[in-house]
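Spelled out from the first residue to the last, the chains are:
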Amino acid sequence: MTIKDLWPPIMQELKEFQKIAEIEETFFKRLQQEIQNIVDDQFIQTATEKGIARRERMLKISPFAGDTLETRRQRILLKYLD
């Protein structure tokens, strides 16, 4: 379902509103992804790069240059278990 589907049929046919819907869809897709990232960052196993970096700052862990995201996750888990 798109935002355009929620509008009355007469508005769906207008070119100006089609362009508005296109722009709004892009915005809402980005917003939905950001919301999902916030949820994912609550857990170490699903955290994004941003979420892992935040936990590293909290725990005062410095990642090495060649570390993968998974390596950084493991290091954080080990710090919590220590």
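One structure accompanies this document, and this report is about it. Note that the structure is predicted; figures quoted are calculated from it, not measured. The residue numbers shown here count from 1 along each chain, following its written sequence. Restriction of local features to residues with pLDDT of at least 70 applies here, the model being predicted, together with a cutoff of 80 or more for giving and counting side-chain atom pairs; totals for whole chains, interfaces and linings are based on all residues. Heavy atoms from the whole structure form the basis of all side-chain values; hydrogens and water molecules are not counted.

### Comments concerning the pattern of salt bridges
Let me state the cut-off plainly: In what follows, salt bridge is the name for a side-chain nitrogen of Lys or Arg lying within 4 Å of a carboxyl oxygen of Asp or Glu. In DSSP terms, a helix is any run of H or I states spanning at least four residues, a strand is any run of E spanning at least two, and both are numbered starting from the N terminus. Each residue is placed in one exposure class: buried if its accessible area under a 1.4 Å probe, protein chains only, is under 20% of its type's maximum, exposed if it is over 50%, and partly exposed if it falls in between.
Summed over all chains, the structure comprises five salt bridges. Note that Glu 49 is salt-bridged to Arg 72, the shortest N-O span being 2.5 Å. Here Glu 49 is found in helix H3 (residues 49-59), whereas its partner Arg 72 is found in helix H4 (residues 69-81), with 23 residues between them in sequence. Judged by its relative accessible area of 44%, Glu 49 is partly exposed.

### Focus on H3
How we decide: Contact definition: two residues touch when any of their heavy atoms are within 4.5 Å.
Regarding H3, the residues found buried are Gly 51, Ile 52, Ala 53, Arg 55, Glu 56 and Leu 59. Those residues of H3 that are buried are in contact with H4. Once H3 ends, the next one or two residues include Lys 60, with phi positive near 55 degrees.

### Notes on the layout of surface pockets
The method is simple in principle: a probe with the dimensions of a water molecule rolls over the atoms, and the space it marks as empty is what remains. Selection criterion: Grid points spaced at 1 Å over the protein atoms alone were grouped into cavities, where a 1.4 Å probe fits but cannot get out, and pockets, open sets with protein on both sides within 12 Å along at least five of seven lines, with lining residues defined by an atom within 4 Å of a point. Grid points are joined across faces, edges and corners, and a volume is the space filled by probe spheres set on the points. Residues are grouped as follows: nonpolar covers Ala, Val, Leu, Ile, Met, Phe, Trp, Tyr, Cys and Pro; charged covers Asp, Glu, Lys and Arg; every other residue, Gly included, is treated as polar.
As a volume, the largest pocket reaches approximately 180 Å³. For the largest pocket, the full set of lining residues is Glu 34, Asn 37, Ile 38, Asp 41, Gln 42, Thr 48, Lys 50, Gly 51, Arg 54 and Arg 55. Of all elements in the fold, only helix H2 (15-40) and H3 reach the threshold of two or more residues within the lining of the largest pocket. Sorting elements by how many residues they give to the lining of the largest pocket places H3 first, with four residues. Residues belonging to the lining of the largest pocket are distributed by class as follows: one nonpolar, four polar and five charged.

### Looking at the packing of aromatic side chains
Think of a pair of aromatic rings as described by two things: how far the centres are apart, and how the planes are tilted against each other in angle. This is how it is decided: Note on aromatic pairs: the rings of Phe, Tyr and Trp (six-membered ring only in Trp) are paired at centre separations within 6.5 Å, and the planes decide the class, stacked below 30 degrees, edge-to-face beyond 60, tilted for the rest.
Scanning the model with the defined rule gives two aromatic pairs in all. On the numbers, 5.6 Å between centres and 80 degrees between planes, the contact of Trp 7 with Phe 17 is edge-to-face. Of the two residues, Trp 7 sits in the segment before helix H1 (9-13) while Phe 17 sits in helix H2, which places them ten residues apart along the sequence. Residue Trp 7 is classed as buried on the basis of its relative accessible area of 16%. Residue class for Phe 17 comes out partly exposed when judged on its relative accessible area of 27%. Pairing Phe 27 with Phe 28 gives two aromatic rings, centres 5.4 Å apart and planes at 65 degrees, and the pair type is edge-to-face.

### Description of the nonpolar core
Condition: Here, nonpolar core means buried Ala, Val, Leu, Ile, Met, Phe, Trp, Tyr and Cys residues that are tied together by side-chain atoms lying within 4.5 Å of each other.
Judged by nonpolar contacts, Ile 44, Ala 47, Ile 52, Leu 59, Ile 61 and Ile 76 together constitute the single largest core of six residues. Beyond its immediate stretch of four places on either side in the chain, Ile 76 contacts Ile 44, Ile 52, Arg 55, Glu 56, Leu 59 and Ile 61.

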